[in-house]
Every structure is written in C-alpha cells, then in structure tokens.
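Structural features, examined
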Amino acid sequence: MESPQAVKQRFEIIGNDPSLNRAIEKSIRVAPTDISVLVTGESGVGKESLPKIIHALSHRKHAKYIAVNCGAIPEGTIDSELFGHEKGAFTGANQARDGYFKEADGGTIFLDEVGELPLTTQVRLLRVLETGEFIKVGSSKVQKSSVRIVAATNVDMIEAIKNNKFREDLYYRLNTVEINLSPLRERRGDIHLLFRKFASDFALKYKMPTIRLTDRAIKALENCRWPGNIRQLKNVTEQISVLETSREVDEDTLNHYLPKSTSLPSVISKEKSSSKGDFSNEREILYKVLFDMKGDLNDLKKLTMELMERDNDEKFKEDNINLIKKVYGESDSKKEFKDETHEEQLEILQFPNQKRNREMDQKIEDPYDYAEDIEEEETLSLQDKEVELIKKSLDRHHGKRKPAADELGISERTLYRKIKQYDL
Ligand SMILES: Nc1ncnc2c1ncn2[C@@H]1O[C@H](COP(=O)(O)OP(=O)(O)OP(=O)(O)O)[C@@H](O)[C@H]1O
C-alpha cells in the first residue's frame, strides 16, 4: 500500500495538516474496494485530487476515469451524456451515442457537484448504483456497466434533501464512505507552504524570480479567511507574481491582493444614484446593469436551444414559465428593470461621453441589442468587470454560490460555469 507521503508527491498535493493527511489515508484505504465515496468540502479545497487517487490505486486503474461536472451540463442533455441515447431519441439526435457509464465500464466516474443533478437523473443514477443497470435515452433495452462512483459536493446535502432537491436514498447510497476536506482557514500551517509552491510554479511559468513574503506578510497571509480556499490562494499568488515588480512582498503590498469582505454596488438604490460625481461607483452600476443583461441574454440563448431541442414541448414551457416571461419581458423582474432602473441607467450613461450616450440612449430601447453591441466593442473590459463582480459577490458571501448567484441575478449553474471558466 502506498504511503500518504508518496501519494502526495505523485499527485502534487502540498500540505501536512492532520486533516489533509487523514483524507488522503482514507482515500488510500477505500481505493481497492468498490465502495462509493462522497468527497465533501467547500469550493476550492482540493476535492478533485481524491477521486483521482482512489481510481489510480484501485484495480480499475487500467480502465477509464471520467470526471463529469454535473453543474456544468445543461439539464436537458445530462441523461444523454451519462447514459447515452438512441438515434432519433430527440431532435438533433442524428446518431446513437454511448454515454459515460458505457465508456467507463470497468473504471471510475467522478461526479463533481453531484448536488446539481436533476431529480430525474438521480433516479437513473440510483438504479445504476444498485443494479449496475441503465437504459439509454429513447431506448427500452437494459444495459449493464460496472462503474465505481466517486462523487463530490460543496453544498449541504442534508439541506438539499430537506428542500427536496436531492433524494435521500441516493445520498445514502453515494456516501457509503464520506471524506471531508477542511477549509484552508482551518489548515493555517499549510498556507505559507502552498504559497511557496505556487510562487515557485508561477516563477517557472512566467520566467521570473520567485516572489517571497516578509515575516509580517506571512502572518497576514495566514490570518486571512480565504473564502475561496486554495483556488483563491493560487490566484492571489499568480497575480502578485505577475504584477509586482519587487520580488519581496511586504504586508502593505500583500493586503492589496487579499480577499476583503466587499459589497456589490446597490444597483437599484436611489441613494446611490443620487450621489453625483462618484464616477467609479456609477461605472460599477453600469457594469452591473450590463452584467444582468448579459445574464438575461444567456438565459434567452439557453431557452431557445432547449425549446428547439424539445420541439416546443408544452410541459417544458410550463416548467420554465418564469424564465420565458423573464426573457420575453413579461415578468416582475423585467418590470423592475424598466420602472426603477431605466431612468437611472440613462442618467449614468450621460456621464462620461455625451456622443456615445446618445447612441446608447437609442439602443437602450432594446436592451439585448445594446448588450450585444457593448460586448463586441468592449469584450475585454466587460469580462474583467464580470470577473470582478463575481469575485466581490463570492467574497461577500464567503464563497457560498447560492446567495452569490442570487445577488448577481444568474443561476447557480451559470455562476458555477463562470467560476470554472475564469478559474476563480
Ligand atoms: N493540497 C493542494 N496542493 C496543491 N494544490 C492544490 C491543493 N489543493 C487544491 N489545490 C489546487 O487548488 C485548485 C482548486 O482545487 P480543486 O479544483 O480540486 O477544488 P474543489 O474542492 O474541487 O473545488 P470545487 O468544489 O469548486 O470544484 C486546483 O488548481 C488545485 O490544483
């Protein structure tokens, strides 16, 4: 049996905290069995390494390991991705296709963000876990597959069960063994170790000398709460490595990069809109408005795709009536945009550049046109702002995606995709 130290080296896992060692030891011990494992812990704590360890140390190591991000696959296609489909099963299914359960036969499937699975998929998953049997979408033929499941989640599954978002029977089936990874703030002794490893990796990557911290900066780094955990520490280390000219980083410099509990601008707030002269604040409001519109646009695209795929399925329309109303402009939230924000928006737009604003005033008749135009002309800066707003919101909610997504006015699924896309 491999030692935890050897496993850490092989998988480039840094840290000596007893909780990390326990999680690795547990992974090594369950690996040779076929037991289902649920890896739990906040976002960014390093959950993705454990299923890889379990697969690599199991008798399944020569078969496939497939990692599936359940939060990033649209609801309409997830069954087909996992279990495959027959030709003609739905519009666009021009060919039959095997799903991951067939592909990974004899191997391991890692279901990341398992709490995001739709209830209908949960039923299929329970069946395959209990009997090894599954049915392709659009087929009636039962197929068999021997797959070991390792799942991960950063949501409170008991809460999800209470809210009828997750099946209790599936939860107990998935977490025969639970392995928890503690948040970084509870592994203080590892923080500087991780920083040094990331600093040395980025020095190599960007061909620069390695940054190092003064003693006071090390203390500040260790006292930070790191709501985004190791992922956030890695990002901060990369930013400092690239942006700072001096290779010795003191506490003051470091503080510019550490996550703070900042708050989003209150877009709808009348008080804020009347504080004339604060350009940076108004610009933030404008970006937030654009961000919201971009979110609506994405919702619209998604909805159109799904409607096309589902051939105008009435049940689907009923289930998504709020979204349909929202993107076609009948909902309360749209009304709120018109009634409360429209005036403010025009006012803000007149601030920096009158000529451009007149063009914008005309375009704002159709907010989606407007969003598209801006996106083409200022893609980079909009993307930066989007990243900034997401970071702010996540900081504000201590890395919790649900309230952050609510605040940003996007779905949790979309937020999850953006976190992955921008490696936040
Ligand atoms: N102990 C560690 N040593 C080195 N790098 C680590 C460690 N833990 C995590 N990382 C790095 O931190 C980043 C985030 O880790 P990972 O994606 O596994 O987090 P996660 O818990 O799966 O997050 P999420 O729930 O958001 O998917 C990755 O780049 C990973 O390589």
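What counts and what doesn't
- Along each chain, residues carry numbers from 1 onward, in the same order as the chain's sequence is written.
- With the structure being a predicted model, the display of local features is reserved for residues of pLDDT at least 70 and the display and counting of side-chain atom pairs for 80 or more, all residues being used for whole-chain, interface and lining totals.
- Computation of side-chain values covers all heavy atoms of the structure but excludes hydrogens and water.
- Any carboxyl oxygen of Asp or Glu within 4 Å of a side-chain nitrogen of Lys or Arg constitutes a salt bridge here.
- Strands here mean DSSP runs of E at least two residues long; helices mean DSSP runs of H or I at least four residues long; both are numbered from the N terminus.
- Using a 1.4 Å probe on the protein chains alone, a residue whose accessible area is under 20% of its type maximum counts as buried, one over 50% counts as exposed, and one in between counts as partly exposed.
- If even one non-hydrogen atom of a residue comes within 4 Å of a molecule or strand, that residue is called near it.
- In protein, a polar contact means a hydrogen-donor-capable atom and an acceptor-capable atom, both N or O and within 3.5 Å, with residues adjacent in sequence counting only if both atoms are side-chain atoms; elsewhere, any N or O pair within 3.5 Å suffices.
- Surface accessibility in these figures is a Shrake-Rupley result with a 1.4 Å probe; residues are shielded only by whichever protein chains are displayed.
- Every definition here rests on a 1 Å grid over the protein atoms only: cavities are sets of points where a 1.4 Å probe fits but cannot get out, pockets are open sets enclosed by protein on both sides within 12 Å along at least five of seven lines, and lining residues have some atom within 4 Å of a point.
- Throughout, a molecule is located in a cavity or pocket provided that more than half of its atoms lie within 2 Å of its grid points.
- Helix axes are fitted to C-alpha atoms over the stretch in contact, other axes to C-alpha atoms as well, and angles between N-to-C directions run from 0 to 180 degrees.
- Orientation categories follow fixed angle ranges, with anything under 35 degrees roughly parallel, anything over 145 roughly antiparallel, 65 to 115 roughly perpendicular, and all other angles oblique.
- Crossings are classed by handedness, with left-handed meaning an anticlockwise turn of the near helix from the far one by less than a right angle and right-handed meaning a clockwise turn.
- We call two residues contacting when some pair of their heavy atoms lies within 4.5 Å.
- The score called pLDDT rates the predictor's confidence residue by residue, from a low of 0 to a high of 100.

1. Section: the pattern of salt bridges
- For the structure shown, the criterion picks out 18 salt bridges.
- A salt bridge links Lys 197 to Asp 201; its shortest N-O distance comes to 3.1 Å. Taken together, the residues span about one helical turn, with Lys 197 and Asp 201 both in helix H9 (residues 188–206) at a distance of 4 residues.
- Look at Asp 201 and you get partly exposed, because its relative accessible area is 29%.
- When the shortest N-O distance is used, the salt bridge between Arg 216 and Glu 251 registers 3.1 Å. Taken together, the residues Arg 216 in helix H10 (residues 215–223) and Glu 251 in helix H12 (residues 251–257) connect sequence positions 35 residues apart.
- For Arg 216, a relative accessible area of 60% gives the class exposed.
- Taking relative accessible area as the criterion, Glu 251 reaches 24% and is therefore assigned partly exposed.

2. Focus on the site of the ligand
- Residues in contact with the ligand amount to 21 residues; listed here are only the nearest, Ile 14, Ser 43, Gly 44, Lys 47 and Arg 401.
- Interatomic distance of 2.7 Å between a side-chain N/O atom of Lys 47 and an oxygen atom of the ligand.
- Lys 234 places a polar side-chain atom, nitrogen or oxygen, 3.0 Å from an oxygen atom of the ligand.
- For the ligand, the protein covers 87% of the area, taking 630 Å² as the surface of the free molecule.
- Judged by the fraction of its atoms near the pocket grid, the ligand is located in the second largest pocket.
- Within the residue set of the shell around the ligand, elements represented by two or more residues are H9, helix H11 (229–243) and helix H22 (412–421).

3. Brief notes about the packing of H9 against H10
- Interhelical geometry of H9 versus H10 gives an angle of 120° and a closest axis separation of 9 Å. In this view, H9 runs oblique relative to H10, as classed from their interaxial angle. The hand of the H9/H10 crossing is right-handed. Across the interface between the two elements, Arg 188, Ile 191, His 192 and Phe 195 of H9 pack against Ile 218, Leu 221, Glu 222 and Asn 223 of H10.

4. Some thoughts on the confidence of the model for the protein
- Of all residues in the protein, 71% attain a pLDDT of 70 or more, and the chain-wide mean is 80.
- In the predicted structure, residues 262–284 sits below a pLDDT of 50 and forms 42 contacts with residues beyond four places in sequence or in another chain.
- Per-residue pLDDT stays below 50 along residues 329–379; that stretch engages in 76 contacts with residues further than four places along the chain or on separate chains.

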